[in-house]
Structures are given as structure tokens and as C-alpha cells.
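Observations on chain architecture
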Amino acid sequence: MQQIVNIWSAMDARRRVIVVVATLAMFGAVLSLSRMASQPTLTLLYSGLENGAAGEVVTALEQRGVAYDVRGGSIFVESARRDELRMTLASEGLPSNASKGYELLDGLSGFGTTSQMFDAAYWRAKEGELARTIVSHPSISAARVHIASTGSNPFQRDTRPSASVSITTTGGGISVKHARALKFLVAAAVSGLTPEDVSVIDGSGGLIGAAEEAPENTSEDRAEALRQRVQRLLEARVGPGNAVVEVSVDTVTKTESIRQRQIDPESRVAISIDTEERSNSASDQGGGDVTVASNLPDGDAAGGDSSSSQTSETRERVNYEVSSTEREITQIPGAIKRLTVAVLVNGTTAVDGAGAELFQPRSDDELGALRELVSSAVGFDESRGDVITLKTMQFEAIELAGTAAEPSFLTSLGLDLMSLIQAAVLGLVAIVLGLFVVRPLLSGPPSADPAQLAVSETPNRAVSSAEGANEMTALTGEIADDSFSGSDMPVISDRSATEPGDDGAFPALGIPDHEDPVERLRGLIGERQEETVEILRSWLEGEEENA
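Not measured: the values here are computed from a predicted model. (Residues numbered from 1 in each chain as written. Predicted model: local features only at pLDDT ≥ 70, side-chain atom pairs only at ≥ 80, totals over all residues. Heavy atoms only, no water.)

**Some points on the sheet that holds strand β5 (residues 162-169)**
Spelled out, the test is: Here the rule is simple: two strands pair whenever DSSP picks up at least two bridges between them. Helix and strand assignments follow DSSP, with helices taken as H or I runs no shorter than four residues and strands as E runs no shorter than two, numbered in order from the N terminus.
Taken in spatial order, the four strands line up as β4-β5-β6-β7 in an open sheet, and their pairing is mixed. Looking at strand neighbours, the two that pair on one side only are β4 (140-148) and β7 (207-208), the edges of this open sheet. In this structure, strand β6 (residues 198-201) lies alongside β7, joined through two bridges in antiparallel fashion. Bridge pairing in β7 links I201 to L207.

**Thoughts on the confidence of the model for the chain**
Caution applies to low-pLDDT parts of the model: their predicted coordinates are not meant to be read in detail. Spelled out, the test is: Note: pLDDT gives the predictor's confidence per residue, expressed from 0 to 100. Should any heavy atoms of two residues lie within 4.5 Å, those residues are considered in contact.
Put simply, the chain has an average pLDDT of 75, and 69% of its residues get 70 or more. Here residues 446-475 scores under 50 on pLDDT; set against residues more than four positions off or in separate chains, the count is 38 contacts. Across residues 483-510, where pLDDT falls below 50, the model places 33 contacts with residues more than four positions away in sequence or in other chains.

**Here's the deal with the environment of S166**
Inspection of the secondary structure puts S166 in strand β5. The spatial distance from the C-alpha of S166 to the C-alpha of A143 is 5.6 Å, given a sequence separation of 23 residues. In this structure S166 touches A142, A143, R144 and I201, once residues within four positions along its chain are discounted.

**A look at the pairing of strand β12 (residues 348-351)**
In this sheet, strand β13 (residues 357-360) lies alongside β12 in antiparallel orientation, the contact comprising four bridges. Its bridge partner being in β13, V351 is matched across the sheet by E357. Linking two consecutive strands that pair antiparallel, namely β12 and β13, is a turn of five residues; a positive phi of about 90° is found at G355 within it.

**A short note on the packing of helix α3 (residues 51-64) against helix α4 (residues 82-91)**
Heads up, the rule is: Convention adopted: a line fitted to C-alpha atoms gives each axis, helices being fitted over their contacting stretch, and angles between N-to-C directions are expressed from 0 to 180 degrees. Orientation is classified from the angle alone, with under 35 degrees giving roughly parallel, over 145 giving roughly antiparallel, 65 to 115 giving roughly perpendicular, and any other angle giving oblique. Note on convention: near helix rotated counterclockwise from far helix by under a right angle means a left-handed crossing. Clockwise means right-handed. When residues are grouped by polarity, Ala, Val, Leu, Ile, Met, Phe, Trp, Tyr, Cys and Pro land in nonpolar, Asp, Glu, Lys and Arg in charged, and all others, Gly among them, in polar.
At a minimum axis distance of 12 Å, the contact between α3 and α4 shows a crossing angle of 115°. Looking at the two axes, α3 sits roughly perpendicular to α4. For the pair α3 and α4, the sense of crossing is right-handed. Contacts from V57, A60, L61 and R64 in α3 reach L85, T88 and L89 in α4. When its residues are assigned to classes, the contact of α3 with α4 shows five nonpolar, one polar and one charged.

**Some details on the packing of helix α5 (residues 115-135) against helix α6 (residues 176-189)**
Running from N to C, α5 and α6 point in directions that differ by 150°, and their axes come no closer than 11 Å. In terms of orientation, α5 and α6 fall into the roughly antiparallel class. Every pair of crossing elements has a handedness; the one defined by α5 and α6 is right-handed. For the pair formed by α5 and α6, the contact residues are K126, L130, T133 and I134 on the first element and L182, L185, V186 and A189 on the second. Here the residues of the contact of α5 with α6 are counted per class, giving six nonpolar, one polar and one charged.

What follows is the structure, encoded as C-alpha cells:
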């Protein structure tokens, strides 16, 4: 503690500010790391809830003491408790549907409620109940129902109720069959409403199940149906992805009406027979009557004989009916005129003796069997001009594009990558602040008096100078800035400066002229190892302080 106080006292104001700021930053980094380590990983619980439903869910979470976080319109909870909370809240009816049904009628009292108010509440309850029923389907996430009722006004005539349904699906859109079912559902719940007066609108604003959008039995639809039928049949034998099927259907595109009447004269039938018989008889006998004939000499009266006559007649009428055939034929668009099917089947692979894979086409017997199956599936008619082409060839391998969507190692461990990155960054900041800022500032300053080299006492060498023998000053490891004078240097040998041939400028070192200075320096370092180490240490500490 006393060392820390001494270090703090030896610092100037600038260093004290740096130490305080760095200490606070490192302390904050450590607190952030501890908070991130203690904070659980949050995951999505519910999103897209209305204000009332979201408030009920938050209240239920607070009552259970569950840690949650609200981000925009989404509620996040701990990953480990997400499924448990969903099941628990669902058992309590949360999140509740915003639309209300017949419970709206419970709040109406007999006093102060007019017929108009009751009718409005009744239709609101009807719309809410229908919306609840529609949302119960798993493919629909939200629904709104609007009913335009004529009310109970007896003076309105020729008016029909109508309704509209707006839905939001969980994935793709709904089919026309599903939309038609919704129309019948709403129409059955409202008296006097027909399915044709109900409109179904999806989330993208498109009208579903309109009359003009009814699917037609076109050639493309029939070709697609036949193609899928043949595809399923072939893949059951050759495997998925080993068969390609294309079907072309030529259909009749015009409407034709033919009326035909055929009469067969050979096939007559008697339908009635009428028979009529007639017989007449007459007789004449002579008598005394006076007539003109009797007065003639040769007249009838001349003789007395009698005469008689008798006639018979038979008539038959037969009515025949001739058979006739009348036929009226109406040909509408869509009849198949010609069918063309093209099938490409992949072959098989075999391994040769060297271990290489070789392509082998399918046998003729197998292709014949497949052809018969295709003919039966599409309704092949040779007289109509249908054609089926079945070939076996080698398929080209398709290279995979991109990377496979596989879970990462961190995902399999249940770790949050962003949390790990944040913790690593904060930890790095704390280490940097501790090692490179706080530690150098808190380290003690270098020693003011470096160790001095003691004078080596060598018996065979005497110290002398021009004035006489003086003691050598200790080495400090620092180079003086004053002027250098060779005459002031001590003599480290027995050679006198006044020897003949010497100018007296430099003291004699007592070494031969041919000796290398580097070798001489190595020798001094070997003799004074401790003093050399202290000098080098003082130099290094001085450089760190200047830096």
C-alpha cells in the first residue's frame, strides 16, 4: 500500500488523470463482462401482437417472475423456458384474440339499450365469432369479417345482405377450394346471404375464388396433370431425379353442334290395320203392274221371268311407321385431338475391373415395360395419332451451387455468437488497458543512482598521470557532453606518458598497437561482468521511461 502511495505521489497531474480514466474503463469492462455472463440468452416468444394482447402476455410474465425483453412489437424470453411458457400461456388463453364474439351481448343491459344499439352489438358479435372460426384453421393467422346487413327496416325492398372476409395466411395463399368453403361458412351463418355475395381477400389484396378466375380445363392444365401422373409412375421404378417427362396435349378449341336424322326404310313396322267389307243383293220378279215397258212388244213386261243380283266388296288399310334416328352432337373446346409424350430415363452405372464407373443404358425389355405403363397412364390411342417417345440416356451431373445450409458448431451448442463476440471484445479491451496503460504507470521509476563500476585493483598495473597518481572515478554508464581531453584520461599501464616518442596527448593503455579494440572490450566485459550488467540494465530502464 505504501508503495502505491509513493508511486501516486511521484506522478504528475497528467499521469494521474490517465490512471484514473484507465482504471474506470477497465472496471466498466469487467462489469459488462460479468453482466453479459449472468444475463440469459433471450429468444422470441411472440411477435405481431396487438397492444391489448401484448399487455396481457407481459402481465402474465411479470406475475411469474420471468425475465423478458420487449423489442418493438416482439417479446423475448429465456431460451430454456420458451416452450414451457408458450404451453402455460396457451392453457390460460393467452395471447387472447382481439376480436370478441357473443360476449359483447353480455354487457348490454335492458335499460338504456335501443334496438339500433342491440343490432350493432349483435352484428359485431356475429363478425367476431366468424373470425374466430376462420382463424382456427392452421394456415390462417388473422381474419376480419364485415357483414353489410339490411337491418330490420320493413320498408326496404329488393336488398340483399353481403359480406367480405379479409385473411392473413401463415405461409402461401389459400386455394380456391378453401376460399369457396369460407364463402359457404359465412353465408350459412347469416340469414338471406348467398355464397355469391361473399368476397374473400387475402393478405396481398387479391380476390380469391372470383368467377372470372375459376380454373379452366385448358390444355396446359391437362398436360401438367398427365405429366405428374407419368412422373410419379416412373420415379417409383427408376428413382427420383432419374426421369424427365414432357407431355403435349392438342385439344379442340372451337365449339361445334351437329344435328343428324337417319331413316331406315327396311325397318318398317305396321302400327294399324283397318279392314272394311261390303255386300249388296237385288232381285226382280214379274208382276201385273202396268209400265211403259210392259207396253212394248219386247219389253220387260213381255216375259214373266224374275231377276236377282248380289255384290260383295272387301277393303283393308295398313299403316306403317318407318324407323328414324335423330342425333344432336355438341363439341365443346377441350377435347383431345392428339397426345404426345416424351420420356427420358437415366441409365445405370456399373463398376469395371479397374474400379471405374461405366454407364449402362437400360435394357429393351425394361424400356418396353415402361412404355406400356406410360401408355396406360396417359390413355394412349393410336388411331387418334398419339405418339410416345421413350429413350434412355446418361444424365449430366449437376454441380451444387453455393454452400449447404447446415447448422454451425456454435448453433448446435446453443451459444449466441454475438454474445461471444461482445464478451471477447470487452475482455480484449480490459487486457489492453491493464497491460499497456495501468501497469506501466503504476510501475516504479528507475533508480536514480545506477550501480557504479568499482575500480579494479590489478597489482601489475599502476595508475599515473601528469600530476601524479590519482584515484579512478567510478563508471556510471553515461557519456559526458563536455569536451574530451586525452591528457585527462587515467593511465592504466606502467608506461609513462613522458616516454620518448610520446606526445603526451593520450595516456598509454599498455597494449600493443596490433591488438584489436573489440577483443580488448570483450576482455574488460569478462573481467567486470556485474558492473556491465548493471550499466546495461540502467540503459534499458532509461529507454522505457523515455518511451
